[in-house]
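Results of the structural survey
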Amino acid sequence: MININVRHVAKLANLPVSLKEEKLFSKQFKQILGYIEKLNQIDTSKVSPTYQTLNGQTNIWRQDKIEKSLTQKQALSQTSKTHKGYFLVNDVFSTKKTTQKPNIKPRRRIDKLNAILTKVNPNGTVGHKDLFCTKNIETTAGSNLLSGYKPQYSATVVKLLEESGLVTKYKLNQDAWGHGSSGENSDFGPTQNPWDTTTVPGGSSSGSGAALASNKIDLATGTDTCGSIRMPSCYCNLTGIKPTYGAVSRYGVIAFASSLDCPGLMARSAKELKKAFDLINKEDKKDATTQIEKRNKTKLKPIKTIGIPKEFLSGGIDKSIKEKILNATKTLKENGYKVTNISLPHAEYGIATYYIIAPTETSSNLARYDGVRFGNPRSYFGPEAKRRIMLGSFVSSAGYSAKYYEKAARVRTLIIKDFKKAYSQVDAILAPVSPISPFKIGEKVSDPLQLYLMDIFTAPASLSGLPSISLPCGFVNNLPIGMQLIGPRWSEANLFNLAKTYQKLTNWHLKNPKL
Amino acid sequence: MKYTPTIGMEIHVELQTKSKMFCGCPSNHFKIKPNTHTCPVCLGLPGALPVPNKKAIDWTILAGLAINCSINKISKFDRKHYFYPDLSKGYQISQYDQPLCEKGFVNLDSGGKININRIHLEEDTAKLIHKTIKGKKVSLVDFNRSGVALMEIVTEPDITSGKQAKEFLKKLHSILKVLKISDCSMEKGSMRLEANISLSKTAKLADYKIEVKNLNSFKFVEQAINFEIKRQTKLLEKGIKPKQETRGFNSKTKSTFSQRIKESAEDYRYFPDPDIPPMHFTDKDIAEIKSKLPKLPDQQIKELDLPNHLAKLLVKKPTYLDYFNNHLSDAKKLKLSSEKFANFIINKKINISKPCKPQLIKLTKSIDVGPAILLEVIKENPEVVKKFKTGKTNVIGFLVGQVMKKTKGQANPKQAQKQLLIHLQGPSLQATSQ
């Protein structure tokens, strides 16, 4: 059993940690790393590591051309600590390190469900997850650390939608930094599920789910790193897409885990979703990982054969959810689709793999938040962000990187290979999104590992960079439940067609919560 | 028993690309209004993403080829993590285990050979200024330099003295100058030097390393190394192992001083940058860059029809060399030897920002104030010459004026006076008149 020196890791991660936190994290890390040990069951000695899922794309460069810079005023606009055009910091040679205690003012709640963080334009129809940078409009990532931050630029996705006439109405609540599957990890309080306000709406795009399901908007952006679009779609009776990794620009979307983050959309039907998706499914010169030659070029036959991963229906899945999934396959079978069992033998390692790769990347991506150029100091990070930053700092640190980070990258290759094999037999995969129904707010907060395991069915597609559409397939105790259609890379058009067909055959997606 | 110094160098070179390494902001940051060449990428704003500058990659490969490196056909960018206010993202995009160039060498004129471990490409940090404002010590940050393309050349620990380090650096500098990929100015900080120095009695490397940073001239490198060799020898002779540390250099006292003790190796938690696809190079790609390799100093020196010392001086300054090569035919037409022409350029007798021919004519004519004109003037002014010979030497001015008149101002008055004096005072007036 690994004993983590939490103090040392906190230093590596540049995070202030109290004694109480030190004890708690020490216990939780033991538990999480204990679970991760299961990766050692796999022999990866002959497997090469996967760090990106880009169809083998290489050499994405820009020409040496000057582009417009920000003005000095813009550059300095998000901090009060300046001096004559410079950013001002404490004397770097001082050995005295002062930790600023966070002074957090509670945020005024805007709506009943706590789905909305900022009102933008009452005439708008679109809600943006607060990870999407909106120029001059507060963007918080759901964290106190960015409270009050008004970005100097807008995300490519925000721009594309606005250029198409889709006006922004709200900025939406979320698990801070995308860290969560339930919507309870927002620093501004949990979002509630409009189907039952005592239950979670799913996360991390929790506000996107709740605001859409309660009819406050017609379209919501979200990001899916490991189910963050699919989970709230599933729990709020919505249709959502996690695109192929690299299909939609990440530029201006606050990074959680860069090799996994997929900006995407949520709507109330596959038809509406497809229309909006076409607007953002574009290469972006500012995001090197969108510039892939094979984008949208894969010629695919229409879906005829659908695979059901047997591992997903045999483990800890709720019986009534399994029943809904089987009902859905029945519907499709009755309408001419061939349904067959497939195997994804390494899918069960998805969570262990994910909880090495994602924390490693997030510990790196969240290193820029030092309170110098924008935002508050690092002491403003919430408990889940601290947990993941420290976990990531540990598994990528000297002496442990090969055991954890590199190992996970190799297992990732095996998970990708499983899918490749499966797609030689079937055109798409149908699977549950969540092993459990929406649960009570607060029910699982004390057990991070149990919450992490909620992502067991969403992790494999995320790690493989595959597109997946989540759509409603029934109700359990009056709470919605969803399924996901996972296809090969760049098969979105096919998945949309299948989702549209299913929504012609069923009415689940038309049901609305009583408010 | 004597200790053998083991010295390795790390040289940071800022590339003079128009735009920065990963964004379109101008690279120029010297004496620019602070924080005016920044954007979401180089300021490390939330959500911003890097896209590499192709020219910087090509130029780093070019530098590698110039110092005999092999080019890695598979390369990538990695994130190097540490926290400092001059680092906007909490990590620097650099290269870890697959740098663009590896295993090169530089031959020294004195006979040695310095092996190059690697050249990698990374981004520069912001600039920190330390000040006291209202009685409080603070640091000010200017992000104009943040993200500028920076090439790091790392040598093997092959250097054995301060003198050799200086020779190596001068040679490297001359090579990089010819490539025109950096202005290599130590004053502006576009070339920065660090030396790692240790001593040992055996052939084995010492188990400690002293790093001397912020050396902004070749002379200082030499002085710092000499100082360190003495300092470390003294310690070792007393049986004390020098502390593993980073030291600074005081150019006034020519000595180094402790800056930071390194208790353990830094943990930079390198991993491949997921925002940037890897780089693959084919033989053709590399050959294409190689075809752009200009003539290197050694070859240039060899090809110049000049004595070695003159050739070296010309090659050291590419602008001089270009001027020399471009106008050598003019000089030849005026029957000027290439040696004399080179001397004119090196001694700044010729302004290289101006056309060459008129300057050459002027210079050559002023030399051609030969005996004929001088004798003419002397013969035409017997009274004045008489005065001169009786001691009124100040009349020489009149004679010089006559020379100038005859040459229509082309002669060099100082030279004319010198030659007149030789003729008037010398015993050989008769002889020269023959």
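Just so it is clear, the structure is predicted and the values come from calculations on it, not from any experiment.

1. Things to note about the overall build of chain A
Along chain A, the regular secondary structure elements total 15 helices and 13 strands. Taken over C-alpha atoms, the radius of gyration comes to 22 Å for chain A, in line with the 24 Å a tight globule of 515 residues would show. Taken along the three principal axes of its C-alpha coordinates, chain A extends 70 × 55 × 50 Å. Within the span of chain A, comprising 515 residues, buried residues form 57% of the whole. Excluding contacts between residues fewer than 6 apart, the proportion of contacts in chain A whose partners are at least 24 apart in sequence is 78%.

2. Considering the overall build of chain B
Each helix and strand in chain B was counted, giving 14 helices and 16 strands. Computed over the C-alpha atoms, the radius of gyration of chain B is 29 Å, more than 25% above the 22 Å expected from 2.2 N^0.38 for a compact globule of 434 residues. Projected onto its principal axes, the C-alpha positions of chain B cover 90 × 55 × 55 Å. For chain B, the residues scored as buried account for 41% of the 434 residues in total. Taking all contacts inside chain B whose residues are at least 6 apart in sequence as the whole, residues at least 24 apart take part in 68%.

3. Remarks on the nonpolar core
Formed by 225 residues in total, the largest nonpolar core has its most connected members in Ala-428 of chain A together with Ala-63, Ala-195 and Val-221 of chain B. Non-local contacts of Ala-63 of chain B, meaning those with residues more than four positions away in its chain, are made with Ile-119, Met-151, Leu-176, Leu-179 and Ile-181 of chain B. By size, the runner-up hydrophobic cluster in this structure holds 17 residues, among which are Leu-306, Ala-342, Leu-360 and Leu-363 of chain B.

4. Overview of the interface of chain A and chain B
On the side of chain B, 55 residues touch chain A, which itself brings 62 residues to the contact. At the level of secondary structure, the elements contributing two or more residues to the side of chain A that touches chain B comprise α3 (72-76), β2 (86-90) and α10 (350-365) of chain A. The biggest single contributor to the side of chain A that touches chain B is β2 of chain A, with 5 residues. Residue composition of the side of chain A that touches chain B, grouped by class: 28 nonpolar, 22 polar and 12 charged.

5. Quick notes on the environment of Ser-228 of chain A
Residues and elements named next belong to chain A. Within the secondary structure, Ser-228 is located in the loop between β6 (219-224) and α6 (230-236). Look at Ser-228 and you get buried, because 37 C-beta atoms sit within 10 Å. Residues Ser-228 and Asp-455, 227 residues apart in the sequence, show an inter-C-alpha distance of 9.1 Å. The contact partners of Ser-228, leaving out residues within four places of it in the chain, are Gly-178, Gly-203, Ser-204, Ser-205, Gly-222 and Thr-223.

6. What about the environment of Phe-419 of chain A?
All names here are of chain A. With respect to the element layout, Phe-419 can be found in helix α12 (residues 402-422). Its 26 C-beta neighbours within 10 Å are what place Phe-419 among the buried residues. The sequence separation of Phe-419 and Pro-345 amounts to 74 residues, and the corresponding C-alpha distance is 9.7 Å. Non-local contacts of Phe-419, meaning those with residues more than four positions away in its chain, are made with Leu-344, Ser-464 and Leu-466.

7. Considering the environment of Thr-221 of chain A
Residues and elements named next belong to chain A. Topologically, Thr-221 is positioned in strand β6. With 45 residues separating them along the chain, Thr-221 and Met-266 place their C-alpha atoms 6.2 Å apart. When sequence neighbours within four positions are dropped, the list of residues in contact with Thr-221 reads His-128, Lys-129, Phe-132, Val-157, Ser-208, Pro-263 and Leu-265.

8. Here we look at the packing of helix α7 (residues 318-333) of chain B against helix α8 (residues 338-346) of chain B
Residues and elements named next belong to chain B. In contact at an axis separation of 10 Å, α7 and α8 are set at 135 degrees when each is read in the N-to-C sense. Here α7 lies oblique to α8, going by the angle between them. Here α7 and α8 pass one another in a crossing that is right-handed. The segment α7 lies against α8, with Tyr-320, Tyr-323, Phe-324, Leu-328 and Ala-331 engaging Ser-338, Phe-341, Ala-342, Ile-345 and Ile-346. Split into classes, the residues belonging to the contact of α7 with α8 amount to 9 nonpolar, 1 polar and no charged.

9. Some remarks on unusual backbone geometry
Residues and elements named next belong to chain A. At the junction of Gly-203 and Ser-204, the peptide bond is cis and its omega measures out at 10 degrees in the coordinates. Looking at the secondary structure, you find Ser-204 in the loop between β5 (168-172) and α5 (206-213). Unlike most non-glycine residues, Asn-477 shows phi in positive territory, near 50 degrees. Relative to the elements of secondary structure, Asn-477 occurs in the loop between β12 (468-476) and β13 (479-486).

10. Some points on the sheet that holds strand β10 (residues 149-155) of chain B
All names here are of chain B. An order of β2-β6-β7-β10-β1-β11-β12-β13-β14 is seen for the 9 strands of this open sheet, with the pairing classed as mixed. Each having just a single partner strand, β2 (70-71) and β14 (255-261) make up the two edges of the open sheet. Looking at chain direction, strand β6 (residues 101-107) and strand β7 (residues 113-123) are connected through 6 bridges and run antiparallel. Within the sheet, the bridge partner assigned to Gly-104 lies in β7 and is Ile-116. Most of the contacts of helix α3 (residues 218-237) go to strand β11 (residues 191-200), to which it runs at about 25 degrees, and overall it touches β1 (4-14), β11, β12 (210-215), β13 (245-250) and β14.

11. With respect to the confidence of the model for chain B
Residues and elements named next belong to chain B. Here chain B averages 90 in pLDDT, while 95% of its residues score no lower than 70. Residue range residues 428-434 is modelled with pLDDT below 50. Its contacts to residues more than four positions away, or to other chains, number 5 contacts. For this predicted complex, the interface confidence comes out at an ipTM of 0.96, alongside a pTM of 0.90.

12. Comments concerning the pairing of strand β4 (residues 78-81) of chain B
Two elements, β4 of chain B and strand β5 (residues 91-94) of chain B, share 4 bridges in a ladder whose sense is antiparallel. By the bridge assignment, Arg-79 of chain B is partnered in β5 of chain B with Ile-93 of chain B.

13. Re the sheet that holds strand β15 (residues 271-272) of chain B
Residues and elements named next belong to chain B. Across the sheet, 3 strands lie side by side as β5-β4-β15; this open sheet has antiparallel pairing. Looking at strand neighbours, the two that pair on one side only are β5 and β15, the edges of this open sheet. Summarising the sheet, β4 and β15 pair through 2 bridges and their orientation is antiparallel. For Arg-79, the partnering residue across the bridge sits in β15 and is Phe-271.

14. Quick word on helix α4 (residues 156-163) of chain A
All names here are of chain A. Taken as a whole, α4 has its buried residues at Thr-156, Val-157, Val-158 and Leu-161. The inward-facing, buried residues of α4 abut β4 (126-129), β5, β6, β8 (262-267) and α7 (270-280). Of the residues one or two after α4, Gly-165 is the one with positive phi, at around 90 degrees.

15. Some points on helix α12 (residues 396-406) of chain B
All names here are of chain B. Within α12 the residues assigned to the buried category are Leu-399, Val-400, Gln-402 and Val-403. Viewed along the axis of α12, the buried residues span an arc of 155 degrees, placing them on a single side of the element. For α12, exposure combined with an orientation more than 90 degrees from the buried face picks out Gly-397 and Lys-405. Packing partners of the buried residues in α12 comprise α10 (371-380), α11 (382-389) and α13 (413-425). Just beyond α12, the residue with positive phi is Lys-408, at close to 50 degrees.

16. A closer look at the packing of α12 of chain B against α13 of chain B
Residue and element names in this part refer to chain B. Running from N to C, α12 and α13 point in directions that differ by 120 degrees, and their axes come no closer than 9 Å. Classified by the angle their axes make, α12 and α13 are oblique. Crossing of α12 over α13 shows right-handed handedness. Only Pro-413, Ala-416, Gln-417, Leu-420 and Leu-421 of α13 make contact with α12, whose side of the interface consists of Ile-396, Leu-399, Val-400, Val-403 and Met-404. Grouping the amino acids of the contact of α12 with α13 by side-chain chemistry returns 9 nonpolar, 1 polar and no charged.

Rules and cut-offs
Residues numbered from 1 in each chain as written. Chains lettered and ligands numbered in written order. Predicted model: local features only at pLDDT ≥ 70, side-chain atom pairs only at ≥ 80, totals over all residues. Helix = DSSP H or I, 4+ residues; strand = E, 2+ residues; numbered from the N terminus. Rg over C-alpha atoms; globule rule 2.2 N^0.38 Å. Buried ≥ 20, exposed ≤ 12 C-beta atoms within 10 Å, placed from the backbone. Contact = placed C-beta atoms within 7 Å. Core = buried A, V, L, I, M, F, W, Y, C linked by C-beta atoms within 7 Å. Nonpolar A, V, L, I, M, F, W, Y, C, P; charged D, E, K, R; others polar. Axes fitted to C-alpha atoms, helices over the stretch in contact; angles between N-to-C directions. Parallel < 35°, antiparallel > 145°, perpendicular 65-115°, else oblique. Left-handed = near helix turned anticlockwise from the far one by under 90°. Pairing = 2+ DSSP bridges. pLDDT = per-residue confidence, 0-100. Arc of directions from axis to C-beta.

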